[in-house]
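Here is what each chain is made of, one letter per residue.
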Amino acid sequence: MYALKPNPAEWGSAALTMGTPEPDDDLHNPDPRRDLKNDRGGHIFTARGVANLGCLFILAAALIFTFFGLPILTHLLTKKQTTQGGYNLGGINATGQIPLMSGNWGLIDTDTPKDAYTKASFMNPGDSWELVFSDEFSTEGRSFYPGDDPYWEAPNLHYWGTNDLEWYDPSAVTTKGGALAITLSKVDPATNHNLTYKSGMVQSWNKFCFTGGLIETSVVLPGSNNVHGLWPAIWTMGNLGRAGFGASLDGLWPYSYDSCDVGTLPNQTFPGTQTPLAATENGDPDHGGVLSYLPGQRLSACTCPGESHPGPVHSNGSYVGRAAPEIDIFEATVDGGIGKVSQSAQWAPFNAAYQWSNTSDNFKIYDPTVTVLNPYHGGVYQETTSGLSLTNQDCYELDTGCYSVYGFEYVPGFDNGYITWISDSKPVWTVMAAGIGPDPLTDIGARPIPQEPMYIIANLGFSTNFGGIDFENIQLPATMLIDYIRVYQPANAKNIGCDPLEFPTAAYINTYMEAYTNFNLTTWAQFNQTNPKNRLVDNC
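**Student:** What's the story with the overall build of the chain in this structure? I'm lost.
**Tutor:** Summing up its helical and strand segments, the chain has 6 helices and 21 strands in all. When burial is assessed residue by residue, the chain has 49% of its 540 residues classed as buried. Expressed as a percentage of contacts within the chain between residues at least 6 apart in sequence, the contacts between residues at least 24 apart total 73%. Accessible area of the chain: about 25500 Å², with a carbon and sulfur share of 56%.

Okay, structure coming up:
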């Protein structure tokens, strides 16, 4: 009944032709007049059209943000990992170990009072400098064996360089009562490397360094103010040399020099000659009047191209002279039954007769009743600019035990460089860069206020080299207490880290790591190394 032939024309009354009217013809048969009336001159910007376009725009924007915007924002906003002023990412220490301590170990100790976050410059009181590092030593019972701390390490060695009587042992350093405590004690030599005395040293070598700024520390000095023999010190040194590791220091300490001249050569003389004459006379009376026994600056501006040198280079292609200079916050002594501190910097090469240019333009003593220039100016191994200041006589372990603030503020370089030392929270003396300028008598150039990244050292020594020892009256054990160590820098001149671009150290240290970790190596030659060629005396 419903079977139809293939040809629609043969369907009879049900046949459909092109002209057969149907109810839905209006939907698919265009009629311009009718359609114009119905559309009423419409346009594409209808609500539906806008919604459709808006949806497409949102989808396109989402895709662009996902594949382009999000990666860019992630790169710009993600906080870059830091060495925490140390040697590797995350504050890994020089031995490659990660501290296991819990708590805050950022550059600024969370226990530092907020009012200590800024400090006025002593030289320019209108300048407010910002805190860049602090350690308040508030956590009880810290230890400083290798790997225990991100910023400090206590070496285990004999400090033979100054003929010390003690062995430095990490067990002699801890924190107690809110302070770092370094204790010197008399012990059984059989359990102490055949030495009768044991003490401690901590250093931030290759972990935290700074270049320029102000460093302050609050200290109770060990012992009493009227018995001599203890040698407490807090000081800084350039990161290319490690205190206590002789091979690393050989030919680098106490140089601060960037000239290519006779000052870079052994004994400050030209080979086979007695010139300049000032290097052979009026020097150290204990060594026949000779000026210098130094082996020459190992990493000098005279280094031949291609020789081992940490860089960088000057625009003329010559190397920048590199070294391990020293600036001391203090070395405490008792002189004539009165407590004093020597606050100094050590230099090489040397002026004739170790006489730096101490004219009124080049140094300042703020209170002559407190501070005088140290009559000791140097010997065959170092020249020194030193002020000798009275301490607060109450701030000793066996007196009232109060804390006194010591420090120094410095600007590195030649022209505007200076060092100002602080004792009992007051500036006591300043040396300007011009004071250690060129010396025509020894044919040397200017020595810059240290430009190397400087690390911090604190130790309690015991040696007859530093003013003798009153063995009869000295009381042991004796402890130096350090309440805090803080470093400030100008907001526009922050420079922390031990491997800055301008004065890199990491690659060189890695190359010669044994010299920095084996204290039995006393010289560079004993380390089976030769000095880089110097173009003044070698064929480059």
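Still more ground to cover, so stick around.
**Student:** What is the right way to look at the nonpolar core in this model?
**Tutor:** Within soluble globular proteins, side chains that are nonpolar generally end up buried alongside one another. Core analysis: the largest hydrophobic core is formed by 55 residues, its most contacted members being W152, F330, F408, I419, W421 and I482. If sequence neighbours within four positions are ignored, W152 has contacts with F133, D135, F137, R142, F144, V202, Q203, S204, K207, I456 and I485.

**Student:** Would you mind going over a nonpolar patch on the surface with me for this structure?
**Tutor:** A cluster of nonpolar residues, F65, L70, I72, L73, L76 and L77, forms a patch on the protein surface that exposes about 620 Å² of accessible area. Residue I72 is classed as exposed on the basis of its relative accessible area, which comes to 51%.

**Student:** How do you make sense of the state of the cysteines when you look at a structure like this?
**Tutor:** Disulfides are covalent bonds that link the sulfur atoms of two cysteine residues. The full count for this structure, using the stated rule, is 4 disulfides. A disulfide bridge connects C304 with C540, and the sulfur atoms are separated by 1.9 Å. For the disulfide bridge between C304 and C540, the dihedral angle about the S-S bond is near -65 degrees, and by the sign convention the bridge is left-handed. Note that C304 is positioned in the loop between α4 (246-249) and β11 (326-335) and C540 in the segment after α6 (513-517), a separation of 236 residues in sequence. The partner cysteine of C395 in its disulfide is C402, sulfur to sulfur 2.1 Å. Measuring handedness by torsion sign, the sulfur bridge of C395 and C402 sits at about -105 degrees and is left-handed.

**Student:** Mind showing me how you'd approach the pairing of strand β10 (residues 230-238) here?
**Tutor:** Successive residues of a regular strand alternate their side chains across the two faces of the sheet. Burial analysis of β10 places 9 of its 9 residues in the buried class, which makes it a mostly covered element. Burial along β10 is two-sided: L230, P232, I234, T236 and G238 facing one way and W231, A233, W235 and M237 facing the other are all buried. One ladder, built from 5 bridges, connects β10 with β11; its direction is antiparallel. Looking at the pairing, A233 lines up with E331 of β11.

**Student:** When you look at the pattern of salt bridges in this model, what are you seeing that I'm missing?
**Tutor:** When the charged atoms of two side chains with opposite charge come close together, those side chains can pair. Under the defined criterion, the tally for this structure stands at 11 salt bridges. Its salt-bridge partner being K426, residue D424 comes within 3.5 Å of it at the nearest N-O pair. Since its relative accessible area comes to 25%, D424 is described here as partly exposed. Linked through salt bridges whose partners overlap, the residues forming this network are D135, R142 and D149.

**Student:** Is there a simple way to think about the pairing of strand β19 (residues 426-432) in this case?
**Tutor:** Across 3 bridges, the pairing between strand β13 (residues 363-365) and β19 is antiparallel. Within the sheet, the bridge partner assigned to F363 lies in β19 and is V431. In this structure, strand β18 (residues 418-423) lies alongside β19, joined through 6 bridges in antiparallel fashion. Within β19, the residue paired with I422 across the bridge is P427.

**Student:** Please explain the side chain of D261 as it appears in this structure.
**Tutor:** Among the structural elements, D261 can be located in the loop between α4 and β11. Salt bridges are absent for the buried D261, whose nearest opposite-charge side chain, R447, sits at 9.0 Å. One polar contact links the side chain of D261 to the main-chain amide nitrogen of G445, over a distance of 3.3 Å. Setting aside anything within four residues of it in sequence, one finds D261 in contact with C302, D443, I444, G445 and L536.

**Student:** It is not clear to me how unusual backbone geometry should be interpreted in this structure. Could you clarify?
**Tutor:** A negative phi angle characterises most non-glycine residues, just as the trans form characterises most peptide bonds. The step from W253 to P254 runs through a cis peptide bond, and the omega angle for that step is -5 degrees. Relative to the assigned elements, P254 resides in the loop between α4 and β11. Each neighbour pair has its own omega, and for T275 with P276 the value is -5 degrees, a cis peptide bond. As for its position among the elements, P276 is in the loop between α4 and β11. Positive phi, close to 55 degrees, is recorded for N163, a residue that is not glycine. Summarising the element assignment, N163 is placed in the loop between β3 (157-158) and β4 (166-168). If you check the backbone angles, N282 has positive phi at about 60 degrees while not being a glycine. Following the sequence through the fold, N282 ends up in the loop between α4 and β11.

**Student:** Could you clarify how one ought to interpret helix α3 (residues 47-77) in this entry?
**Tutor:** In an α-helix, one turn spans 3.6 residues, which is why side chains three or four residues apart end up on the same side. A rise of 1.5 Å per residue sets the reference length of α3, with its 31 residues, at 45 Å; its end C-alpha atoms lie only 39 Å apart and thus fall more than 12% short of the reference. In the structure, α3 departs most strongly from a straight axis at F65, where the bend amounts to approximately 45 degrees.

**Student:** Is there a simple way to explain the side chain of D258 in this structure?
**Tutor:** Relative to the elements of secondary structure, D258 occurs in the loop between α4 and β11. Despite being buried, D258 has no salt bridge partner; R322 is the closest side chain of opposite charge, sitting 8.4 Å away. Only 3.0 Å separates the side chain of D258 from the side chain of H314, close enough to count as a polar contact. A distance of 2.7 Å separates a polar side-chain atom of D258 from the backbone nitrogen of G321.

**Student:** What is the right way to read the environment of E216 from this model?
**Tutor:** The residue E216 is located in strand β9 (residues 213-220) in this model. On the basis of relative accessible area, E216 is assigned to the buried category, the value being 2%. Sequence separation between E216 and F408 is 192 residues; the distance between their C-alpha atoms is 6.8 Å. For E216, the contacting residues outside a window of four places in its chain are K119, F122, V405, Y406, G407, Y484, I485 and R486. Within the local environment of E216, its side chain forms a polar contact with the side chain of K119, the two groups lying 3.4 Å apart.

What counts, and at which threshold
Residues numbered from 1 in each chain as written. Predicted model: local features only at pLDDT ≥ 70, side-chain atom pairs only at ≥ 80, totals over all residues. Heavy atoms only, no water. Helix = DSSP H or I, 4+ residues; strand = E, 2+ residues; numbered from the N terminus. Buried < 20%, exposed > 50% of the residue type's maximum accessible area, 1.4 Å probe, protein only. Contact = heavy atoms within 4.5 Å. Areas by Shrake-Rupley, 256 points an atom, 1.4 Å probe, with all protein chains shown as cover. Core = buried A, V, L, I, M, F, W, Y, C linked by side-chain atoms within 4.5 Å. Patch = residues over 30% accessible without salt bridge, like charges linked within 9 Å, V, L, I, M, F, W, Y side chains within 5 Å. Salt bridge = Lys/Arg side-chain N within 4 Å of Asp/Glu carboxyl O. Disulfide = S-S within 2.5 Å. Pairing = 2+ DSSP bridges. Lys, Arg positive; Asp, Glu negative; His and termini not counted. Polar contact = N/O pair within 3.5 Å; in protein donor to acceptor, adjacent residues only side chain to side chain. Expected span 1.5 Å × (residues − 1). Bend = angle between axes of the 7 residues up to and from the residue.

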